Protein chains: 2
Amino acid sequence: MKTETRQQEIIRVAAKLFKEKGYSAVTMRDLAKAMGIKAASLYNHINSKQDILNTIIISLAEEFTEGMKQISTSNDTCIEKLKKIIQLHVNISSKNSYGMASLNNDWMHLETQRTYYKKLRSDYENDFKTILEDGIKAGEIVNAKPDVMMFSILTTLRSLYIWIPKKEDLSLEELTNTLSQILIKGINK
Amino acid sequence: MKTETRQQEIIRVAAKLFKEKGYSAVTMRDLAKAMGIKAASLYNHINSKQDILNTIIISLAEEFTEGMKQISTSNDTCIEKLKKIIQLHVNISSKNSYGMASLNNDWMHLETQRTYYKKLRSDYENDFKTILEDGIKAGEIVNAKPDVMMFSILTTLRSLYIWIPKKEDLSLEELTNTLSQILIKGINK
DNA sequence: GTCTATAACGCGATAGAC
DNA sequence: GTCTATCGCGTTATAGAC
């Protein structure tokens, strides 16, 4: 286990608080109390509350960008790519469910980095949609609106962070498989 | 068109601001500016910021409860019930996408009504799960984990408020049908 | 590296004039 | 019904002691 710097500890504890109450509702005094120090002392390790949010969100967004890059440029079939995307979301969401909450709910509170975040997200969605469109052309998936398909799958994957911590009995592999089944083949018998 | 009271107007404008920035990040001064009056004047029409949130969330939660009650007690098949649930979410989300944002993201900031809200939500999810379990028993839907199926469908439906306002070209009926197809039969060909 | 003290400001909410 | 002025408190952030 790597030793965690005090700065990393603050960011980790902040992410947990942000998940519970949202960025705006968490005060620096809340964070300091959770760390067992005074609010003023936080500023020996971090520059600002805003910087904490930047670190949490941008590192996660770049992790998704990197994962999507590898998946979209592979030679897999559309269905295989989709399964890998599902796996990507399950893995990141299980490793960092606190950060995922900020990514999903608090990105609008980014200041200097909001534009950059929105570009990463938009690129990700475009890659996703291209995979679906290629799958339709190749006859792998049904010819329905790619927008609606992407919306449906992606919102489910984006909400995994809420759900994964409650289901510790379910292994990640099992969850990935079940989700793949449901999202791709539906629930109809 | 019904005439809107000043109070209703404040709640409507507040819901819009809450959707953009979240409950905690919206100040009474923000709300007053959006209304074209001073913050103090708001209190002639509403009791508190918290009361605005209560009204937005509880009325919506009760609307879902009422809809689910009619669906779950009907004699429809499981698949028909699911389609009606999808329709319920599409209808409410299109009528009130601002309020849906608060319902999804700001319920944790409820004070006196949080327990009541959580009961309504929990009852809703139990009814949903029962419908799925009955569908499995009846052989209508696949024998996968009802939790995962419900999570997948419900998170998609709960995120509709983000998506519907961006797709004004798509009719609600068309959206309901496409979503039903995708959520029930999957995207696999 | 953490503390106390403090600055400068914005917050929700209220009182009272008009 | 809206205003100005204000209350008590929370906010981010900094300065300086230890």
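Procedures and definitions
- Residues numbered from 1 in each chain as written.
- Chains lettered and ligands numbered in written order.
- Predicted model: local features only at pLDDT ≥ 70, side-chain atom pairs only at ≥ 80, totals over all residues.
- Heavy atoms only, no water.
- Near = heavy atom within 4 Å.
- Polar contact = N/O pair within 3.5 Å; in protein donor to acceptor, adjacent residues only side chain to side chain.
- Helix = DSSP H or I, 4+ residues; strand = E, 2+ residues; numbered from the N terminus.
- Contact = heavy atoms within 4.5 Å.
- Least-squares fit on C-alpha atoms with pLDDT ≥ 70 in both.
- Core = buried A, V, L, I, M, F, W, Y, C linked by side-chain atoms within 4.5 Å.
- Buried < 20%, exposed > 50% of the residue type's maximum accessible area, 1.4 Å probe, protein only.
- Nonpolar A, V, L, I, M, F, W, Y, C, P; charged D, E, K, R; others polar.
- Lys, Arg positive; Asp, Glu negative; His and termini not counted.
- Salt bridge = Lys/Arg side-chain N within 4 Å of Asp/Glu carboxyl O.
- UniProt positions renumbered as here; feature names shortened; annotations may be inferred.
- Buried area = accessible area lost by both parts, 1.4 Å probe.
- Axes fitted to C-alpha atoms, helices over the stretch in contact; angles between N-to-C directions.
- Parallel < 35°, antiparallel > 145°, perpendicular 65-115°, else oblique.
- Left-handed = near helix turned anticlockwise from the far one by under 90°.

## Considerations on the protein's contact with DNA strand C
- In the vicinity of DNA strand C, 16 residues are found, and the nearest of them are Asn44 and His45 of chain A together with Thr27, Met28 and Tyr43 of chain B.
- The share of sugar and phosphate among atoms of DNA strand C within 4 Å of the protein is 54%.
- Between Arg29 of chain B and DNA strand C, the recorded distance is 3.2 Å, taken from a side-chain N or O atom to a base nitrogen.
- One of the side-chain N or O atoms of Tyr43 of chain B is found 2.6 Å from a phosphate oxygen in DNA strand C.
- Looking at the surface near DNA strand C, the elements with two or more residues in it are helix H3 (39–42) of chain A together with helix H2 (28–35) of chain B.

## Side note on the environment of Glu125 of chain A
Residues and elements named next belong to chain A.
- You can see Glu125 is positioned in helix H7 (residues 114–137).
- Sequence separation of Glu125 and Met68 is 57 residues, and the distance between their C-alpha atoms is 9.7 Å.
- Setting aside its immediate chain neighbours within four residues, Glu125 contacts Met150, Leu154 and Arg158.
- Within the local environment of Glu125, its side chain forms a polar contact with the side chain of Arg158, the two groups lying 2.9 Å apart.

## Some words on the relation of the copies chain A and chain B
- Taken as rigid bodies, chain A and chain B are interconverted by a rotation of 180° and an axial shift of 0.0 Å, the fit giving an RMSD of 0.1 Å. Both chain copies can therefore be described as sitting about a two-fold axis. Residue Gly186 of chain A of chain A places its C-alpha closer to the rotation axis than any other residue of that unit, at 1.8 Å.
- The fraction of interface residues of chain A whose copies in chain B are also interface residues reaches 100%, indicating that both copies meet through the same surface.

## Some thoughts on the nonpolar core
- Core analysis: the largest hydrophobic core is formed by 130 residues, its most contacted members being Phe128 of chain A together with Leu31 and Phe128 of chain B.
- In this structure, Leu31 of chain B is in contact with Ile10, Val13, Ala14, Leu17, Leu42 and Ile52 of chain B, ignoring residues within four places of it in sequence.

## Considering the protein's contact with DNA strand D
- The environment of DNA strand D is formed by 14 residues, the closest being Thr27, Arg29 and Ala40 of chain A together with Lys38 and Asn44 of chain B.
- Counting only the atoms of DNA strand D within 4 Å of the protein, the fraction contributed by sugar and phosphate is 58%.
- In this structure, a phosphate oxygen belonging to DNA strand D sits 2.9 Å away from a main-chain N or O atom of Met28 of chain A.
- Here a phosphate oxygen of DNA strand D sits 3.3 Å away from a polar atom, N or O, in the side chain of Ser41 of chain B.
- Elements with a minimum of two residues in the surface near DNA strand D: helix H2 (28–35) of chain A together with helix H3 (39–42) of chain B.
- Taken together, the residues that form the surface near DNA strand D break down as five nonpolar, five polar and four charged.

## Quick look at the side chain of Lys81 of chain A
Residue and element names in this part refer to chain A.
- With respect to the element layout, Lys81 can be found in helix H5 (residues 78–95).
- Buried and without a salt bridge, Lys81 has Asp134 as its closest oppositely charged side chain, separated by 5.4 Å.
- Other than its neighbours up to four places away in sequence, Lys81 contacts Ile71, Ser72, Ser74, Asp76 and Ile131.

## Regarding the UniProt feature "domain: HTH tetR-type" (unreviewed entry) in chain A
- Under the UniProt annotation, "domain: HTH tetR-type" (unreviewed entry) lies at residues 4–64 of chain A.
- As a span, residues 4–64 of chain A carries 72% helix and 0% strand, and end to end its C-alpha atoms are 23 Å apart.

## Here's the deal with the interface of chain A and chain B
- The interface is formed by 40 residues belonging to chain A together with 40 residues belonging to chain B.
- Between chain A and chain B lies a buried interface of about 3,500 Å² when both sides are counted; carbon and sulfur atoms form 68% of it.
- Counting across the chain A and chain B interface gives four salt bridges.
- The shortest N-O distance in the salt bridge between Lys167 of chain B and Asp147 of chain A comes to 2.4 Å.
- At the junction of chain A with chain B, the criterion picks out 13 residue pairs in polar contact (both at pLDDT 80 or more).
- Those elements that place two or more of their residues in the side of chain A that touches chain B are helix H1 (6–21), H5, helix H8 (146–158), helix H9 (160–163) and helix H10 (172–185) of chain A.
- Of the residues belonging to the side of chain A that touches chain B, the class tally is 20 nonpolar, eleven polar and nine charged.

## Some remarks on the packing of helix H4 (residues 49–72) of chain B against helix H5 (residues 78–95) of chain B
All names here are of chain B.
- Packing of H4 against H5 brings their axes to within 10 Å, and their N-to-C directions diverge by 160°. Taken together, the axes of H4 and H5 lie roughly antiparallel to each other. Handedness of the H4/H5 crossing: right-handed. Between H4 and H5, the residues in contact are Leu60, Glu63, Phe64, Gly67, Met68, Ile71 and Ser72 and Lys81, Lys84, Ile85, Leu88, His89, Ile92 and Lys95, respectively.
- Broken down by class, the residue content of the contact of H4 with H5 amounts to seven nonpolar, three polar and four charged.

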